[in-house]
Amino acid sequence: QVQLVESGGGLVQGGDSLRLSCAASGRTFSAYAMGWFRQAPGKGRELVAGIDWSGGSTYYADSVKGRFTISRDNAKNTVYLQMNNLKPEDTAVYYCAARRGYYSNNPDHYEYWGQGTQVTVSS
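Since the structure is predicted, the reported quantities are computational estimates derived from the model, not experimental observations.

(A) Expanded view of the overall build of the chain. Along its length, the chain carries zero helices and 11 strands. The order of helices and strands in the chain, counted from the N terminus, is β-β-β-β-β-β-β-β-β-β-β. Radius of gyration (C-alpha) of the chain: 13 Å, near the 14 Å computed for a compact globule of 123 residues. Over its C-alpha atoms, taken along the principal directions, the chain stretches across nearly 40 × 30 × 25 Å. A buried classification covers 46% of the 123 residues belonging to the chain. Counting only contacts in the chain whose residues sit at least 6 apart along the sequence, the fraction spanning at least 24 positions is 58%. Accessible surface, the chain as shown: approximately 6,100 Å² in total, 45% of it carbon and sulfur.

Structure (structure tokens):
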């Protein structure tokens, strides 16, 4: 069993930065690939960034490449999403999710989810 708790969201202006954190419970955190998803009002949940168990392989959606960075610290059971040069279209609820194996862009493939943290970017 893994419990995930996100933090770090907020209201910022375009061009600002935020760092989201996702703290995981359990001693098997390093066995899981992690994903950061986001969901805007009226839209489906999309994978923004993914990272494998070791941190050696990452994925980014085209819309965030060059602006967002995913990382993890297995000693701290935490995964991060550094978001730079934020845009109004990044406004969404951001969720972290965990799955055994490799990261996937299909939210149905993830076993555990956090409660989400709101990110709002004003123009």
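(B) Main features of the nonpolar core. Grouped together as the largest cluster of nonpolar side chains are 31 residues, with contacts concentrated most on L4, M34, W36, L81, M83 and Y94. Elements that contribute at least two residues to this core include exactly β3 (18–24), β4 (32–39), β5 (46–51), β7 (68–73), β8 (78–83), β9 (92–100) and β11 (117–122). Core analysis: the second largest hydrophobic core is formed by six residues, A33, L47, A97 and Y110 among them.

(C) Layout of the sheet that holds β3. An order of β1-β3-β8-β7 is seen for the four strands of this open sheet, with the pairing classed as antiparallel. Because the sheet does not close on itself, it has two edges, and the strands there are β1 (4–7) and β7. Sheet twist, expressed as the average angle between the axes of neighbouring strands with direction ignored, equals 15 degrees. Sheet analysis places β1 next to β3, joined by four bridges and oriented antiparallel. In the sheet register, V5 faces β3, and the bridge partner there is A23.

(D) Expanded view of the environment of Q13. Examined against the element boundaries, Q13 turns out to sit in strand β2 (residues 10–13). Residue classification places Q13 among the exposed residues on the basis of a relative accessible area of 53%. On a C-alpha basis, the gap between Q13 and K87 in space is 7.9 Å, while along the polypeptide they are 74 residues apart. When near neighbours in sequence (up to four residues on either side) are disregarded, Q13 contacts V121 and S122.

How each quantity is defined
Residues numbered from 1 in each chain as written. Predicted model: local features only at pLDDT ≥ 70, side-chain atom pairs only at ≥ 80, totals over all residues. Heavy atoms only, no water. Helix = DSSP H or I, 4+ residues; strand = E, 2+ residues; numbered from the N terminus. Rg over C-alpha atoms; globule rule 2.2 N^0.38 Å. Buried < 20%, exposed > 50% of the residue type's maximum accessible area, 1.4 Å probe, protein only. Contact = heavy atoms within 4.5 Å. Areas by Shrake-Rupley, 256 points an atom, 1.4 Å probe, with all protein chains shown as cover. Core = buried A, V, L, I, M, F, W, Y, C linked by side-chain atoms within 4.5 Å. Pairing = 2+ DSSP bridges. Axes fitted to C-alpha atoms, helices over the stretch in contact; angles between N-to-C directions.

What is shown is where atoms sit, not what they do.
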